[in-house]
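Breakdown of the fold
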Amino acid sequence: MSFIIEKLMIDGEGVMNEARLEKVNDLAAELHFGQKRKNGEDYISHPRAVVEIARRKLVVYEVVYNFKNPEIVLAICYLHDVIEDCGITEIELCNRLVELDYSREDAVKISHNVKLLSRMSKEEDIIGYLNGIFTSSYAIFVKKCDLEHNMSDLKPSNLLDKYKLIYYLLNNTISPM
């Protein structure tokens, strides 16, 4: 755990509840059950990899992005694809998070950011989708971690070029506070 994360926990601004976060991991695994990545791995390997990228990046970026509670960020990472891929709504996700002992406020924050990260169809306007992400520092951060993992699996292609462009746009956008 980073010094900054430990300091936030000591100061009481952001208490990391690893047991609750493990329940979020279990929820993501339940919702993604039976789904596979293009490489044949269970889909849950992707959100878990995004969480690990985020844990490494939080050491540097949690102050830049003004994250008060890194657990919220990691929960969004675990769940970032569930609305898009699993048929759960934002409200249903929020209620499931309350059942995992998140406050209503934190559950709304998590589920709203997961919704922002959800592209509901390939026909959805990419600019509109990105504009939604640009409204939240949480969504920007998680999308960057998501793209990093997705790009690590791709060979040169149009899709890789698209991901690089989106990553560039996210990296060169001033974060909302």
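Everything below is about the structure shown above.
So, a few notes on the structure that sits alongside this text. Starting afresh in each chain, residues are numbered from 1 along the sequence in its written order. Restriction of local features to residues with pLDDT of at least 70 applies here, the model being predicted, together with a cutoff of 80 or more for giving and counting side-chain atom pairs; totals for whole chains, interfaces and linings are based on all residues. Processing note: side-chain calculations cover all non-hydrogen atoms of the structure and skip hydrogens and water entirely.

**Considerations on the overall build of the protein chain**
Numbering of helices and strands runs from the N terminus; a helix is a DSSP stretch of H or I covering at least four residues, while a strand is a stretch of E covering at least two. Helices and strands together make up the secondary structure of the protein chain, namely 10 helices and 0 strands. Each helix (α) and strand (β) of the protein chain, taken in turn from the N terminus, gives the series α-α-α-α-α-α-α-α-α-α. The buried label goes to any residue with under 20% of its type's maximum accessible area, the exposed label to any with over 50%, and the partly exposed label to all in between, with areas taken from a 1.4 Å probe on protein chains only. Taking all 177 residues of the protein chain together, 47% fall into the buried category. Any two residues having at least one pair of non-hydrogen atoms within 4.5 Å are treated as being in contact. In the protein chain, the share of contacts with a sequence separation of at least 24, taken over all contacts with a separation of at least 6, comes to 65%. With an accessible surface of roughly 9,200 Å², the protein chain has 56% of that area assigned to carbon and sulfur atoms. For accessible areas, the Shrake-Rupley method is used with a probe of radius 1.4 Å. Any residue's cover is judged against the shown protein chains and nothing else.

**A look at the side chain of Asn69**
One can find Asn69 in the loop between helix 3 (45-64) and helix 4 (70-79). Within the local environment of Asn69, its side chain forms a polar contact with the backbone nitrogen of Glu71, the two atoms lying 2.9 Å apart. N or O atoms within 3.5 Å of each other form a polar contact, as long as, within protein, one can give a hydrogen and the other can take it, and as long as residues adjacent in sequence are counted only when both atoms are side-chain atoms.

**Remarks on the pattern of salt bridges**
Salt-bridge detection follows one rule: a side-chain nitrogen of Lys or Arg within 4 Å of a carboxyl oxygen of Asp or Glu. Within the structure shown, the criterion is met by 9 salt bridges. Here Glu71 ties to Arg20 by a salt bridge, and the two come within 2.8 Å at their closest N and O atoms. Taken as a pair, Glu71 in helix 4 and Arg20 in helix 2 (residues 18-31) lie far apart in primary sequence, 51 residues in all. Linking Arg96 and Glu30 is a salt bridge whose minimum nitrogen-to-oxygen distance equals 3.0 Å. Separated by 66 residues along the polypeptide, Arg96 in helix 6 (residues 90-99) and Glu30 in helix 2 bring together distant segments of the chain.

**Some words on the packing of aromatic side chains**
Ring pairs are drawn from Phe, Tyr and Trp, using the six-membered ring of Trp, whenever the two centres fall within 6.5 Å, and their geometry is named by plane angle: stacked under 30 degrees, edge-to-face over 60, tilted for the rest. Following the criterion strictly, the structure yields 2 aromatic pairs and no others. Taken together, a centroid distance of 5.4 Å and an interplanar angle of 75° make the contact between Phe67 and Phe141 edge-to-face. Placement of Phe67 in the loop between helix 3 and helix 4 and of Phe141 in helix 9 (residues 137-152) is noted, with a sequence separation of 74 residues between them. The class for Phe67 is buried, based on a relative accessible area of 3%. With a relative accessible area of 2%, Phe141 lands in the buried category. Three or more aromatic residues joined by ring pairs form one cluster here, namely Phe67, Tyr138 and Phe141. It is Arg20 that lies over the ring of Tyr102; its NZ or CZ is 4.1 Å from the centre. By the criterion adopted, a ring carries a charge over it if an Arg CZ or a Lys NZ lies within 6 Å of its centre and within 35 degrees of its normal. Looking at Arg119, its charged tip hangs above the ring of Tyr129, at a distance of 5.9 Å from the centre.

**Considerations on helix 6**
Where helix 6 is concerned, the buried positions are Leu93, Cys94 and Leu97. Within helix 6, the buried residues cover an arc of 100° as seen down the axis, which keeps them to one side. For helix 6, the exposed residues set more than 90 degrees away from the buried face come down to Ile91 and Glu99. In this fold, the buried residues of helix 6 make contact with helix 2, helix 4, helix 5 (82-86) and helix 7 (104-116). Arc definition: it is the arc formed by the directions from the helix axis to the C-beta atoms.

**Topic: the state of the cysteines**
In a disulfide, the sulfur atoms of two cysteines are covalently bonded to one another. Criterion for a disulfide: a pair of cysteine sulfur atoms at a distance within 2.5 Å. In the structure shown here, the tally under the stated rule is 0 disulfides. Free cysteine: Cys145, not disulfide-bonded; nearest cysteine sulfur from Cys77 at 5.3 Å. Judged by relative accessible area, Cys145 falls into the buried class, the value being 0%.

**Comments concerning unusual backbone geometry**
The backbone phi angle of Asp101 is positive, close to 80°, even though this residue is not glycine. Residue position: Asp101 is located in the loop between helix 6 and helix 7. When its relative accessible area of 55% is taken as the criterion, Asp101 is described as exposed.

Honestly, it's all geometry; don't read function into it.
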